[in-house]
Structure formats: structure tokens, C-alpha cells
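# Structural overview
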Amino acid sequence: MCGIVGYAGNRNARNVIVTGLRRLEYRGYDSAGIAELNSDNSAISLTRAVGKISDLATRLEQHPEESTPATLAVGHTRWATHGAPTENNAHPHMSQNGAFALVHNGIIENYLTLRQHLIQQGFSFNSETDSEVIVHLIEQCYEGDLTRAVAAALEQLQGTYGIAVISSHHPDTIVAARKGSPIVVGVCPTETIVASDISAIVQHTNQVIFLNDGDIVTATGEDIDIVSAANVPVARETTHIDWDVGEIEKGGYEHFMLKEIHEQPEAISNATRGRLLPKDGTTKLSGMQMTPADLAHIDRLLIAACGTSLYAGMVGEYLFEDFADISTEVHQAAEFRYRNPIIERDTCLIAISQSGETADTLAAVREAIRKGADVLGICNVVGSTIAREAGHGVYLHAGPEIGVASTKAFTCQVAVLALMAITAGRTRRLSLNAGTAMVREIERLPDLVRAVITQEEKIKQIAKNYAKAEDFFFLGRGYMYPAALEGALKLKEISYIHAEGYHAAELKHGPIALLCPEVPVVGLVPDIQGKDKTISNLQECAARKSPVIAIATEGDKEIEQHCNDVIYVPRCAEFLSPIPVVVAEQIFAYYIARERGCAIDQPRNLAKSVTVE
Ligand code: F6R
């Protein structure tokens, strides 16, 4: 969602902020802005624009920098929640006296009451946002100490925030704070960069501090002090991030999504490296911090996640039930805390989140902890909130995922879930031989994915033929059911084609009424259990004149009789079959969206990390 970058140091702050904001573009936004402290420290100048960072850059060119460039600034990319994407609603917001500028991510639930109150006290508002109240409160609470003023303002807020504030009264200081919305501090010898996301920082430093909820950081170029909400100094450890700048650039690809599709063989190798023990027929996941006895004790597993991560979780449900005999339920994270999830002794919750910041998944983690469950996280972003709050879990090591459409995170999540299921299965019923065979299959995964990627040109040609369709169905059963849901999600989010993932058997319970020549059906029919039944369902579709595109196992010539087009994927064990099939779906969706001229890396209305409910 929205992005924050703040800078205090001795370099040109505008350059650092604009470059940082570009790094955050992938999160999705509709306007952007920057507040810079003038070199004589007399005033803060504000530049904002609706649209892209390039629009902001054009505006900035119209306000050439002073001969001595600003060394203190905050910037923001806004994804509209309260109020339309207009220049006035864009951040930063200024206090009435012009001495404070603020950027905010999150939602202030009691802003209407606070706004009314401030208006009665003579403050006037320039925006419709919930955020603007914060900067007026800071002005109202200021008595010479910026950190204390911020703390006093934050005390009055209900809701979530990640904020960064500068003031003309404190020309070398930036104050930032978080509750429910991440803030990371980049630690450099003579400067400090604060941001909502490490992508804006890694170009400057790999040493970062993740703030905890309630923390307030006061930073200059030289010092970083962190206090809790109660104004007690707290020590937060510095974490080394092993991403490099190359990883967050496109590297010659037209889109991040395509780059990340191509990175999957390497990403899966990284996710499984050092974790496979073929001779012992098991895997080693140190981050889980669970002994075989702990694993053997798990009675029930709950999985909570959103979107693509939810569909990876659904594959996990099959894996844990098939190989470890653990009864597993997958929950939409958004529902978890509003129902009464039954958590008994020996219930374990696995929270899956690429970003580790998804608000609903985080809330499910907190609810499960509150009810006494053991909570494991499967996250990609190191040091993210879910990774930290879950206490233990497994990192994907997939590298940064910048494209809004999740690709390599899904395949790595499924790979890691397979590793977990094998480990749990070995403490229950999987024999050494069965475990070894499964681990060997996982070792083949990077090559399997490579083989799908070599079909790219063929998939692209097929995709072009269907790019004008406005409705699609994706059908599968068993392990192919979550793959159908994921295929439909990929297509709809980047191409804006209405697509539904359905269980192949459910189609005739209603949706079959929609089939006609204008509605293509993608049938997921690799050589796994239930394939023949799905083929029968595809015949029902063809009988209604829907064009059928099959995703099938290499060498399956018979399938060609039942469909208009086939995308072949290499033969692999059933439990891993969602991986090559979903990679084929990703490429298919990508080329349809490209043919339609869509903004693939930043689809309309979408944000990479959904930090609001
Ligand atoms: C789809 C997509 C989203 C995310 C969802 C959860 O391509 O990216 O559906 O999967 O918002 O995000 P994380 O995994 O970061 O919790």
C-alpha cells in the first residue's frame, strides 16, 4: 500500500527520497509527494502530484533546488483510502503553522472525532484524509521536544500507523513511529533513512532496524534513539539484509513479473537449499524450532493467509493430510478473528505471507496466539512483522518480489509446505524410502520449472489467441483445485479479465450456465489422480462450445482430442504438480495482460502489501 521514505543526513535529500519512492512504486499508489526543509531551515516546502513519481519529478523540476540542497525530507506514495486521489489529499501533510510535515501509512479510526475537536480549536484542514489530524495534533502538543510531541499526538489515535515527521524547529532530525504499519530504519555512518519497506533502503545500506509496534525513533545523521510509547528507551537489534540492488531492478526484463517468473528455478533452489536430507528421507527446517516429538504431537493444523498465499495454503492442506495424517483447515485470514476458531491443546497455526505485513494475516496470528495456539510463519520478507510475531517459522529466501502479482512466492511457499509436510510425515507414517523419494522429487523442482519456462514462446502464442475474451474459467480437482483458483486470480488481477477458479465437479452445479463460445475454459489435467474425471468435465464444456485450453503432462497426446490448445508441463509427482502448472498459468496470464496493454507490475486498484483490513 502507501510508501514512506524519510532522510536525515548530509546528502541531497530530494534525490534520496525520489529514488526511494521509485523503489516503492511496486506497492501500488495513485499520488506522491515530498516535503523538504529549506537550507536556511526557515520553512518546509511541499511538492505533491497526482499520478506517478514521474509526475512528481516534473513538479519538482518546476521548483528547482536551492543552491544548497535540502538534507532533511520525507516523501510518500499514497494509495487512496480516505478521500480521492487528489493533490490536496496526497501526503505529506503540513501543520497549520507550517513547522511540521508528516507522512502516514495506515488508518486512523477516530479521525472524525479528532478532526471535529481540532476544528473547534481553530485548526483548518486542507484534505479529506484521516492522516492530516496527526500533524495538527503534533503542532498542538509541541513544547520544544519533537519526539514528545509525536508521542503525545499518537496517544490520542485509534487505528494503525507508520509515520515519519520532520520539523523546521529541528533541522537535522527525523522522527518515525509505528503501530500496525511497518517502519524500517536504515543505519549508515553519517545518515539515516527511514522507510516503510527495505526496498527503499537497500541501495544505501544492508543494516536495518525493524521498529516494533509502539516504538518511536528519533534519528539524525549520527544518532538513532528508540523509545517505547511510554518514553522508555528500548534497544532494537540491527539486522543484516542480504538483498542487493540488482535484485530490486528489472535486469533487462520488460516487467518485474516476468523477471520473477524466470527467477523461480533459482528461488526454489534458495528456498530448499541446505534443507533437504535425502539419505534420512526428511528435511531440516531449523527456523521451525520443533523437535520430531513436537511435530508428532500436533493434532490439528490451521492455515491462515490471503490471496495467492491462501491458495498455497490450500495446497498445504492436501500435503499435510496426505503425508502426515494431520487434520488441516485453511482459513481466509480476514475471517479468522471474527469467527470462533477452535484452538485446542496441540493445535498449531501456520500463517503464510510473502510480505509478512498483511493486516488480516497478522490479526489471525495475534488471535491464534491469544487463544494459545503455537504459531508458525512462512514469510519471504526477513524481519517482517508476521515473521517476528509468529516467533518461529520458515523463511522462503525467494528474494524480493516486486511485481504486484505474486509468482515466485507461491511456488516457494508450496515447496516449503512440502518440506514441512515431509518432516511432519516422517514422525508419523512416512517410511524412510517414501521420504527419500519425495525429497528427491523436490530436488528436481528447479529443473521442472525451467522446463515450463522453455515453453514460454508457445504459451505466449496461445495466450494471444484468447486475449480478447472477457470471461474465463479455470477448472481442477484435488491438487489442481487450488491451482485453478490461483490461475484465475493471476489472470484477473493483471489483465482485468473476469476469471473464476472452480472445482471441476462444481461447475455443473450452476456456473455451467455461463459457458458459451465466448467463455474459454482452462482445464488443469496433468497426470494425477482425478484427471479422467476432469477431462469428462472439460468435454461438458466443449459440448457447450467453450474453447478449452488444457494444461497437461508432456507426452499426453490423447488430451489433444478434448481441447483446442494444450500447454505441456513436465511429468512430476502429484504432490508437487501445482508448481509447474501454476508457472504455466503465470506465463499465460502475463502474455494475455501484455497483449491487452495492461500495467502488469502495477495493476489498477491493487497494492503489493495490504496493510489495512
Ligand atoms: C496476488 C497477490 C495477493 C497476495 C495477498 C497476500 O497475486 O499478490 O493476493 O498474495 O495480498 O499477500 P501476502 O502474501 O504478502 O500476505
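No experiment lies behind these values; they were computed from the predicted model shown.

## Comments concerning the packing of helix 16 (residues 480–495) against helix 18 (residues 578–595)
Helices that pack against each other are described as a pair by the angle of their axes relative to one another and the distance between those axes. Contact geometry of helix 16 with helix 18 gives a least axis separation of 9 Å together with a crossing angle of 20°. Put simply, helix 16 runs roughly parallel to helix 18. The two elements helix 16 and helix 18 cross, and the hand of that crossing is right-handed. Here helix 16 contributes Met480, Ala483, Ala484, Glu486, Gly487, Lys490, Leu491, Ile494 and Ser495 to the contact with helix 18, which in turn contributes Pro578, Val581, Val582, Glu585, Gln586, Ala589, Tyr590, Ile592 and Ala593. Among the residues forming the contact of helix 16 with helix 18, the class breakdown is twelve nonpolar, three polar and three charged.

## A few points about the site of the ligand
Around the ligand, the surrounding shell holds 14 residues, and the nearest of these are Ser309, Ser353, Ser355, Thr358 and Glu493. Separating an oxygen atom of the ligand from a backbone N or O atom of Val404 is a distance of 3.2 Å. Between an oxygen atom of the ligand and a side-chain N or O atom of Glu493, the distance comes to 2.5 Å. Contact with the protein chains removes 91% of the 400 Å² of surface that the ligand exposes when unbound. Of the residues in the shell around the ligand, the class split is four nonpolar, eight polar and two charged. Lining the shell around the ligand are residues from two domains, each supplying at least three of them: domain 2 (250–443) and domain 3 (453–597).

## Points about the sheet that holds strand 9 (residues 184–187)
Backbone-to-backbone hydrogen bonds pair the strands of a sheet. The strands run either parallel or antiparallel. The strand order across the open sheet formed by eight strands is 3-2-4-1-10-9-11-14, and the pairing between neighbours is antiparallel. Each of the sheet's edge strands pairs with one partner strand only, and the pair in question is strand 3 (44–50) and strand 14 (239–240). Bridge count for strand 1 (residues 3–8) against strand 10 (residues 192–195) is four bridges, and the pairing is antiparallel. Along strand 10, the bridge assignment pairs Tyr7 with Ile193. Across the sheet, helix 1 (residues 13–23) is in contact with strand 1, strand 2 (31–37), strand 4 (72–78) and strand 10; its angle to strand 4 comes to roughly 20°. Against the sheet, helix 2 (residues 53–62) makes contact with strand 2, strand 3 and strand 4, and its axis sits at roughly 135° relative to strand 3, the strand it touches most.

## Considerations on the packing of aromatic side chains
What the rule picks out here adds up to seven aromatic pairs. With a centroid separation of 5.1 Å and an interplanar angle of 35°, the aromatic rings of Tyr318 and Tyr479 are classed as tilted. Pair noted here: Tyr318 is in helix 9 (residues 307–324) and Tyr479 is in the loop between strand 22 (471–476) and helix 16, with a separation of 161 residues, a long-range link. Judged by relative accessible area, which is 3%, Tyr479 ranks as buried. On the numbers, 6.0 Å between centres and 35° between planes, the contact of Phe472 with Phe474 is tilted. Comparing Phe472 with Phe474, the two get one shared label, buried.

## So, the pairing of strand 13 (residues 224–227)
Bridge count between strand 12 (residues 216–219) and strand 13: four bridges; the pairing is antiparallel. Along strand 13, the bridge assignment pairs Ala219 with Ile224. Between the end of strand 12 and the start of strand 13, which pair antiparallel, lie four residues.

## Quick look at the nonpolar core
Membership of the largest hydrophobic core comes to 100 residues, with the highest contact counts inside it found for Met420, Phe472, Phe575 and Phe588. The element that contributes the greatest number of residues to this core is helix 13 (residues 408–426), accounting for 13 residues. Each of domain 2 (250–443) and domain 3 (453–597) gives at least three residues to this core. Sequence-distant contacts of Phe588, defined by excluding residues within four places in its chain, comprise Ile459, Ile462, Ala463, Phe472, Val522, Ile549 and Ile567. In this structure, Leu21, Leu60, Ala73 and Ala200 belong to the second largest nonpolar core, which totals 33 residues.

## Observations regarding the domain arrangement of the chain
When the domains of the chain are assigned, the result is domain 1 (3–247), domain 2 (250–443) and domain 3 (453–597). Relative placement of domain 1 and domain 2: their C-alpha centres are 34 Å apart. Taken together, the contact pairs 14 residues of domain 1 with 13 residues of domain 2. With both chains or domains summed, domain 1 and domain 2 bury close to 1200 Å², and 57% of this area falls on carbon and sulfur atoms. Of all residues in domain 1, Tyr26, Trp243 and Glu247 give up the largest surface area on contact with domain 2, accounting jointly for 46% of the area buried on that side. The tally of links from domain 1 across to domain 2 stands at one salt bridge.

Analysis parameters
Residues numbered from 1 in each chain as written. Predicted model: local features only at pLDDT ≥ 70, side-chain atom pairs only at ≥ 80, totals over all residues. Heavy atoms only, no water. Axes fitted to C-alpha atoms, helices over the stretch in contact; angles between N-to-C directions. Helix = DSSP H or I, 4+ residues; strand = E, 2+ residues; numbered from the N terminus. Parallel < 35°, antiparallel > 145°, perpendicular 65-115°, else oblique. Left-handed = near helix turned anticlockwise from the far one by under 90°. Contact = heavy atoms within 4.5 Å. Nonpolar A, V, L, I, M, F, W, Y, C, P; charged D, E, K, R; others polar. Near = heavy atom within 4 Å. Polar contact = N/O pair within 3.5 Å; in protein donor to acceptor, adjacent residues only side chain to side chain. Areas by Shrake-Rupley, 256 points an atom, 1.4 Å probe, with all protein chains shown as cover. Domains from an automatic or database assignment. Pairing = 2+ DSSP bridges. Phe/Tyr/Trp six-rings, centres within 6.5 Å; stacked < 30°, edge-to-face > 60°. Buried < 20%, exposed > 50% of the residue type's maximum accessible area, 1.4 Å probe, protein only. Core = buried A, V, L, I, M, F, W, Y, C linked by side-chain atoms within 4.5 Å. Buried area = accessible area lost by both parts, 1.4 Å probe. Salt bridge = Lys/Arg side-chain N within 4 Å of Asp/Glu carboxyl O.

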